[in-house]
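As a plain string of letters, each chain reads:
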Amino acid sequence: MSAAATDTPGAAGTPPPSLAVVVVNWNGRDHLPECIGSLLADGYDPLRIVVVDNASGDDSVRFCRDAFPSVELVISDRNRYWAGGNNLGLRHLLATGGADFTLLLNNDTVVPQGSLARLVAAADREPRAWAATPRICFADEPWRIWYDGGRVGRFTGWVGHQGIRQAAGRRPLDERFVEYGTGCALLLARRALAAVPELDEAYTFYGEDTDYCLRLRAAGGQILHVPRSLILHKVSASVGAWSPRKAYLRSRSHVRLLRRHWRGAARAVLVPCQAAYFAGHAVWHLWQGRPAVASAVLMGALDELAGRPAEPPVAPRV
């Protein structure tokens, strides 16, 4: 699929589709100026920005009210984590008329000017696209890719980002359909939300976006990747790159995802592949001198398989 010739949403002579952006925030006051500021500076119109505050202990709410009066604030009575916070935002939009497209966006992101228009335009002109994703690069290394499409192994269960850590200049710019989109920046059309209205809140940390995309594709939609649209992401800003908690919760969520979506004959290949994956992952962390992380990788998988309750995470999904 080639990149289109125009980045202007809407047909000639018609207004562009309306866009709403949902940003879930938990103690992210330091991220909000850049994130919200970049959305407003992008100049997309018509645009709604909804910030869902997950019971922050900092002054995020006061700051938003003072600095960005046009932002719609939804204040949760507790930390509902990434999936629950986004669901609050989606319910708010549904109750207030919604938008043609809704972008779920992490609070630790920066949106370069023109990126929203390019993303919406691509999704608007492709009727098969129920969702769309931009290229996402590391904020501290904008030339290096973090996400350039997602792939899911139908039998192996491998779930991963395409192009990760590669130089952006060496990657193609053609639009194409991908198997899942990261929740860091996931654009949803009205038809997607009509078919799959909400994220699964049973995933308290990671896996919610992949689960949502697999359900969306099962309902008949496709996910369009738009590399000419760019988001910058402050990767792992709140939990740290190799936190034992992060490793534990990622393992739990991954096992939950596999048990839900891989069934029948696929499991004959899945089980040995995933056993090798978890063992190799743990051994690698041991080799790197991170025994606590290695243990967390295995305990997360075993606890999920055994159905033991998980300790809630202390930070939002990043």
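Structure shown above.
So, a few notes on the structure that sits alongside this text. (Residues numbered from 1 in each chain as written. Predicted model: local features only at pLDDT ≥ 70, side-chain atom pairs only at ≥ 80, totals over all residues. Heavy atoms only, no water.)

## Comments concerning the layout of surface pockets
A probe as big as a water molecule, rolled over the atoms, marks out the empty space that is left.
Link 1 in the chain: Space inside the largest pocket adds up to approximately 1300 Å³.
Link 2 in the chain: Forming the walls of the largest pocket are 40 residues, and the residues nearest its centre are Val 159, His 161, Ile 164, Arg 250 and Tyr 277.
Link 3 in the chain: Among the elements of the structure, strand 9 (159-161), helix 6 (208-218), helix 7 (244-261) and helix 8 (266-287) are those that each provide at least two residues to the lining of the largest pocket.
Link 4 in the chain: Top contributing element to the lining of the largest pocket by residue count: helix 7, with seven residues.
Link 5 in the chain: Residues belonging to the lining of the largest pocket are distributed by class as follows: 18 nonpolar, 15 polar and seven charged.
Link 6 in the chain: Reported here for the second largest pocket is a volume of approximately 320 Å³.
Link 7 in the chain: Lining the second largest pocket are 13 residues; nearest its centre among them are Val 255, Gln 274, Ala 275, Phe 278 and Leu 305.
Link 8 in the chain: Every element with two or more residues in the lining of the second largest pocket is listed here: helix 7, helix 8 and helix 9 (291-306).
Link 9 in the chain: Considering each element in turn, the lining of the second largest pocket owes the most residues, six residues, to helix 8. (1 Å grid on protein atoms, 1.4 Å probe; cavity = no way out; pocket = protein on both sides within 12 Å on 5 of 7 lines; lining within 4 Å. Points joined across faces, edges and corners; volume = space filled by probe spheres on them. Helix = DSSP H or I, 4+ residues; strand = E, 2+ residues; numbered from the N terminus. Nonpolar A, V, L, I, M, F, W, Y, C, P; charged D, E, K, R; others polar.)

## Some words on the pattern of salt bridges
A side chain with one charge can pair with a side chain of the opposite charge if their charged atoms come near.
Link 1 in the chain: A complete count under the given rule lists 20 salt bridges for this structure.
Link 2 in the chain: Across the salt bridge formed by Asp 59 and Arg 29, the nearest N and O atoms sit 3.6 Å from each other. Note that Asp 59 is positioned in the loop between strand 2 (47-53) and helix 2 (60-67) and Arg 29 in the loop between strand 1 (19-25) and helix 1 (32-42), a separation of 30 residues in sequence.
Link 3 in the chain: Close ionic contact of Arg 125 with Glu 175 constitutes a salt bridge, the shortest N to O distance being 2.8 Å. One end of the pair, Arg 125, is in helix 4 (residues 115-125); the other, Glu 175, is in the loop between strand 9 and strand 10 (176-178), with 50 residues separating them in the sequence.
Link 4 in the chain: Relative accessible area serves as the criterion here: at 32%, Arg 125 is assigned to the partly exposed category.
Link 5 in the chain: Since its relative accessible area comes to 6%, Glu 175 is described here as buried.
Link 6 in the chain: Via salt bridges that share partners, Asp 200, Asp 211, Arg 215, Arg 256 and Arg 260 belong to a single interconnected network. (Salt bridge = Lys/Arg side-chain N within 4 Å of Asp/Glu carboxyl O. Buried < 20%, exposed > 50% of the residue type's maximum accessible area, 1.4 Å probe, protein only.)

## So, the packing of aromatic side chains
Link 1 in the chain: A complete count under the given rule lists four aromatic pairs for this structure.
Link 2 in the chain: Aromatic pair Phe 63 and Phe 68: ring centres 5.8 Å apart, planes at 85°, arrangement edge-to-face. Phe 68 carries the same exposure label as Phe 63, and that label is buried.
Link 3 in the chain: Aromatic side chains Tyr 147 and Tyr 180 sit 6.5 Å apart centroid to centroid with 70° between the ring planes, which places their arrangement in the edge-to-face category. Linking Tyr 147 in strand 7 (residues 141-147) with Tyr 180 in the loop between strand 10 and strand 11 (185-189), this pair joins segments that are 33 residues apart in sequence.
Link 4 in the chain: For Tyr 147, a relative accessible area of 0% translates into the label buried.
Link 5 in the chain: Put simply, the rings of Trp 158, Tyr 277 and Phe 278 touch in pairs and so form one group of aromatic residues.
Link 6 in the chain: In this structure, Arg 29 packs its charged tip against the face of Phe 63, placed 3.8 Å from the ring centre.
Link 7 in the chain: It is Arg 256 that lies over the ring of Tyr 203; its NZ or CZ is 5.1 Å from the centre. (Phe/Tyr/Trp six-rings, centres within 6.5 Å; stacked < 30°, edge-to-face > 60°. Lys NZ or Arg CZ within 6 Å of the ring centre and 35° of its normal.)

## Here's the deal with the packing of helix 7 against helix 8
Link 1 in the chain: Relative orientation of the contacting elements helix 7 and helix 8 amounts to 170°, with a least axis distance of 12 Å. Judged by the inter-axis angle, helix 7 sits roughly antiparallel to helix 8. Across the interface between the two elements, Ser 251, His 254, Val 255, Leu 258 and Arg 259 from helix 7 touch Arg 267, Leu 270, Gln 274, Tyr 277 and Phe 278 from helix 8.
Link 2 in the chain: By residue class, the composition of the contact of helix 7 with helix 8 is five nonpolar, three polar and two charged. (Axes fitted to C-alpha atoms, helices over the stretch in contact; angles between N-to-C directions. Parallel < 35°, antiparallel > 145°, perpendicular 65-115°, else oblique. Contact = heavy atoms within 4.5 Å.)

## With respect to the side chain of Asn 87
Link 1 in the chain: Turning to its location among the elements, Asn 87 is positioned in helix 3 (residues 81-95).
Link 2 in the chain: Given the relative accessible area of 0%, Asn 87 is considered buried.

## Structural notes on the pairing of strand 6 (residues 129-138)
Link 1 in the chain: Summarising burial for strand 6: ten of the ten residues are buried, a large majority.
Link 2 in the chain: Note: strand 6 against strand 12 (residues 222-233), nine bridges, orientation parallel. Across the sheet, residue Arg 135 finds its bridge partner in strand 12, namely Leu 230.
Link 3 in the chain: Across two bridges, strand 6 lies against strand 11 in antiparallel orientation. Considered in strand 11, the bridge of Ala 132 is made with Leu 187.
Link 4 in the chain: Linking strand 6 back to strand 7 in an antiparallel pair, the connection comprises two residues. (Pairing = 2+ DSSP bridges.)

## Concerning helix 1
Link 1 in the chain: Buried within helix 1 we find Leu 32, Cys 35, Ile 36, Ser 38, Leu 39 and Asp 42. Within helix 1, the buried residues cover an arc of 155° as seen down the axis, which keeps them to one side.
Link 2 in the chain: On its buried face, helix 1 sits against strand 1, strand 2, helix 2, strand 4 (101-106), strand 5 (109-110) and helix 4.
Link 3 in the chain: Where helix 1 ends, the next residue or the one after it, Gly 43, has phi of about 85°, a positive value. (Arc of directions from axis to C-beta.)

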